[in-house]
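# Results of the structural survey
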Amino acid sequence: MRQSSLVVVANRLPLDDNAAPDGACEWRRSPGGLASALHAILEQTPATWVGWAGGIGPAPQLSDIGGLRLRPVSLSAAELRGYYEGFANSTLWPLYHDAVQQPVFDRGWWETYRIVNRRFAEAAAEVAEHGAAVWVQDYHLQLVPQMLRDLRPDLLIGFFMHVPFPPPELYMQLPRRVELLRGMLGADLVGFQRPQAAHNVAQLAQKLLGAHATDDVITVDGRTVHTGAFPVSIDVAEMRALSSSPDVLSQAKQLRHDLGQPKRVLLSVDRLDYTKGIEHRLTAYSELLRDGHVKVRDTVMVQVAVPSREQVDSYQDLRDRIESEVGRINGEFGRVGEPAIHYLNQPFARSQLAALYQTADVMVVTPLRDGMNLVAKEFVAAREDGGGALVLSEFAGAAAELEQAFLVNPHDVDGLKETLLHAMSAEPADLSARMTAMREHLVGHDILAWARAYLTALDHTGRLAERLPDT
Ligand code: ADP
Ligand code: G6P
């Protein structure tokens, strides 16, 4: 078994299980912030990525991708249900996102979550060199840091939570709250998107574990665990290069033509997830049409909603509700050849996403709660022209950085309508000033800056960060 000095452990490997019938594998930029973010840095970094390749049954043999080795972890059908669809995505995901959907507490799922976390920890222990750094990602693998420490006390262990970490009053609902907290605090450094999350963990560590805890350092079981905020980002250079390429610019022109050369294009790009606020957005848009503030021929809305977690009941119900609402809105306000909403339930290539971003006059990003939201950052990076307005939920982590966006509370449908109208009628000079400020921020805070900041805080020496690519 070949071993690495840097190991990343995440539930999902960043490739499509269908993409490798002959054993050769290609990167699939799978929709989802974690894969988008890590793909950008790891593609060029000598490391091993431990994760699930999608599908069930024995893990496939996968070739290296550049310097990156892939170590697949297998899941059975029952494990997929109990661990991924169950405990991770029906209990933790909704609870961590403000319980915008009722979390399901099924006692049968816990044991499977534990068994699968153990399998990931064992796989990481197997591929890590003596003294290696292992960087564990996200809510699926919250028990892995402590399990790994028990197996391999020589390792430097990092954990990063891509999703929000809830306030104590919500976290306290979790039946396995102590084990989950202890598991995560097995790391040397626990990173979050926002400082509030580190504060929440400190309070919980005091309350549940009797630990001495501040917002930066927690002392538990005689060990010191550092915590902190490291807002994740995107590959700004990639998105800038894509969006200024002649091919993407001509795709964008064609898109606008295909949309009927409207005065304004409103765009949303989300995984089809109940945290993304798609229903609230449709309600707001439908009322703007009903009240005559927006006319179908002048304005077009494009909603990209890529399928996600389709075996989970709440996601199936959401899809049914959204598709029925889109149908109602198009039936009521559309004309022949002119739908009010173009609804696209498909994955897109990066270049197609860049072309869509170029086409948008108003990018509408209105999650009810989101750890970061990389789509908002991608839109800003794609608009070298300084055009376009970003309407952004206050409840996305990105709102703390993209302060010049048109910020909105998506729960307040009247406020959302007003903000949409405000963004649609803003002066070009105002839009350009806002976009320039946001772009300047992003250039200094791209994905490499994120990884460097995290890895430097993990090893305190900067040696780990030196392995990252230069640009
Ligand atoms: P989340 O991580 O909750 O899915 P983010 O906005 O942080 O939300 O990340 C979504 C990522 O998935 C972005 O990098 C975005 O470009 C990508 N993405 C979203 N929709 C699609 C799609 N239809 N096809 C391909 N990639 C997509
Ligand atoms: C969010 C989570 C990631 C997850 C992604 C896509 O970004 O934080 O961990 O990979 O959504 O979801 P999926 O269930 O398809 O992996």
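Residues numbered from 1 in each chain as written. Chains lettered and ligands numbered in written order. Predicted model: local features only at pLDDT ≥ 70, side-chain atom pairs only at ≥ 80, totals over all residues.

Labelled according to an unreviewed UniProt entry, the protein chain appears under the name Trehalose 6-phosphate synthase, originating from Actinoplanes lutulentus.

### Regarding the packing of helix α9 (residues 246–258) against helix α12 (residues 350–359)
The cut-off we apply is this: For helices, the fitted line uses only the C-alpha atoms of the stretch in contact; every axis is such a line through C-alpha atoms, and the angle between N-to-C directions lies from 0 to 180 degrees. Helix and strand definitions follow DSSP, with helices as H or I runs of at least four residues and strands as E runs of at least two, each counted in order from the N terminus. In these notes the angle categories are as follows: under 35 degrees is roughly parallel, over 145 is roughly antiparallel, 65 to 115 is roughly perpendicular, and the rest is oblique. Left-handed describes a crossing whose near helix is turned anticlockwise from the far helix through less than a right angle; right-handed describes the clockwise counterpart. By the convention adopted here, residues make contact when the C-beta atoms placed from their backbones lie within 7 Å.
Taken N-terminus to C-terminus, the directions of α9 and α12 make an angle of 55°; their axes are 8 Å apart at the nearest point. In terms of orientation, α9 and α12 fall into the oblique class. The handedness of the crossing between α9 and α12 comes out as right-handed. Between α9 and α12, the contacting residues are D247, V248, L249, Q251, A252, L255 and R256 on the first element and S351, Q352, A354, A355, L356, Q358 and T359 on the second.

### Topic: the environment of A205
Short version of the rule: Buried means a residue has 20 or more other C-beta atoms within 10 Å of its own C-beta, exposed means 12 or fewer, and partly exposed covers the counts in between; C-beta atoms are placed from the backbone.
Here A205 is to be found in helix α7 (residues 195–209). The buried category is assigned to A205, around which 23 C-beta atoms lie within 10 Å. Through-space distance from the C-alpha of A205 to that of L353 is 41 Å; in sequence the pair is 148 residues apart.

### Considering the domain arrangement of the protein chain
What counts, and what does not: Each domain's extent is set by a domain assignment, obtained either automatically or from a database. Residue polarity is assigned by list, with Asp, Glu, Lys and Arg as charged and Ala, Val, Leu, Ile, Met, Phe, Trp, Tyr, Cys and Pro as nonpolar; anything else, Gly included, falls into the polar class.
Entries for the protein chain in the domain assignment read domain 1 (4–232 + 447–467) and domain 2 (236–444). Domain 1 puts 22 residues into the contact, and the matching count from domain 2 is 20 residues. Sorting the residues of the side of domain 1 that touches domain 2 by element identifies α1 (33–42) and α2 (77–96) as the ones contributing at least two each. Among the elements that make up the side of domain 1 that touches domain 2, the one with the highest residue count is α1 (4 residues). In the side of domain 1 that touches domain 2, the residues fall into 9 nonpolar, 9 polar and 4 charged.

### With respect to the nonpolar core
Keep this limit in mind: What we call a nonpolar core is a set of buried Ala, Val, Leu, Ile, Met, Phe, Trp, Tyr and Cys residues whose membership is set by joining through C-beta atoms within 7 Å.
Counting residues in hydrophobic clusters, the biggest one holds 154 residues, and the most contacted among them are V7, V9, A124, V134, L390, V391 and L392. Taken domain by domain, this core gets at least three of its residues from each of domain 1 (4–232 + 447–467) and domain 2 (236–444). When residues no more than four places from it in sequence are discounted, the contact partners of V134 are V7, V9, A124, A128, L148, L155 and I157.

### Thoughts on unusual backbone geometry
Unusually for a residue other than glycine, D98 sits at a positive phi of about 60°. Mapped onto the elements of the fold, D98 is located in the loop between α2 and α3 (109–127). Look at D98 and you get partly exposed, because 15 C-beta atoms sit within 10 Å. Unusually for a residue other than glycine, Q261 sits at a positive phi of about 45°.

### What to know about the sheet that holds strand β2 (residues 47–52)
Backbone hydrogen bonds hold the strands of a sheet together, and the pairing may be parallel or antiparallel. Convention followed: A pair of strands counts as paired when DSSP detects no fewer than two bridges linking them.
Across the sheet, which stays open at both edges, the 9 strands sit in the order β3-β2-β1-β4-β5-β6-β9-β8-β7 with mixed pairing between neighbours. The open sheet has two edge strands with one neighbour each: β3 (68–73) and β7 (212–213). Of the pairings in the sheet, the one linking strand β1 (residues 4–12) to β2 comprises 4 bridges and is parallel in character. For R12, the partnering residue across the bridge sits in β2 and is W52. Strands in contact with α7 are β6 (189–192), β7, β8 (217–220) and β9 (223–229); relative to β9, the strand with the most contacts, it is inclined by about 150°.

### Let's talk about the environment of V220
Its place among the elements puts V220 in strand β8. Between the C-alpha atoms of V220 and I234, which are 14 residues apart in sequence, the distance is 34 Å. Excluding its chain neighbours within four sequence positions, the residues that come into contact with V220 are L185, A205, L209, A211 and V225.

### Notes on the pairing of strand β12 (residues 341–344)
When a strand is regular, its side chains alternate between the sheet's two faces. As a reminder, the rule being used: Crossovers are described as right-handed under a simple rule: with the strands pointing away from the observer, the path leading from the first strand over the helix to the second runs clockwise.
Examined bridge by bridge, strand β11 (residues 299–306) and β12 share 4 bridges and lie parallel to one another. In the strand pairing of β12, V302 is matched with H342. The β-α-β motif built from β11, the intervening helix α11 (residues 313–333) and the parallel element β12 has right-handed crossover chirality.

### Focus on the environment of P94
If you trace the backbone, P94 turns up in helix α2. Those residues in contact with P94, other than ones at most four positions away along the chain, are A99, V100, Q101, Q102 and P103.

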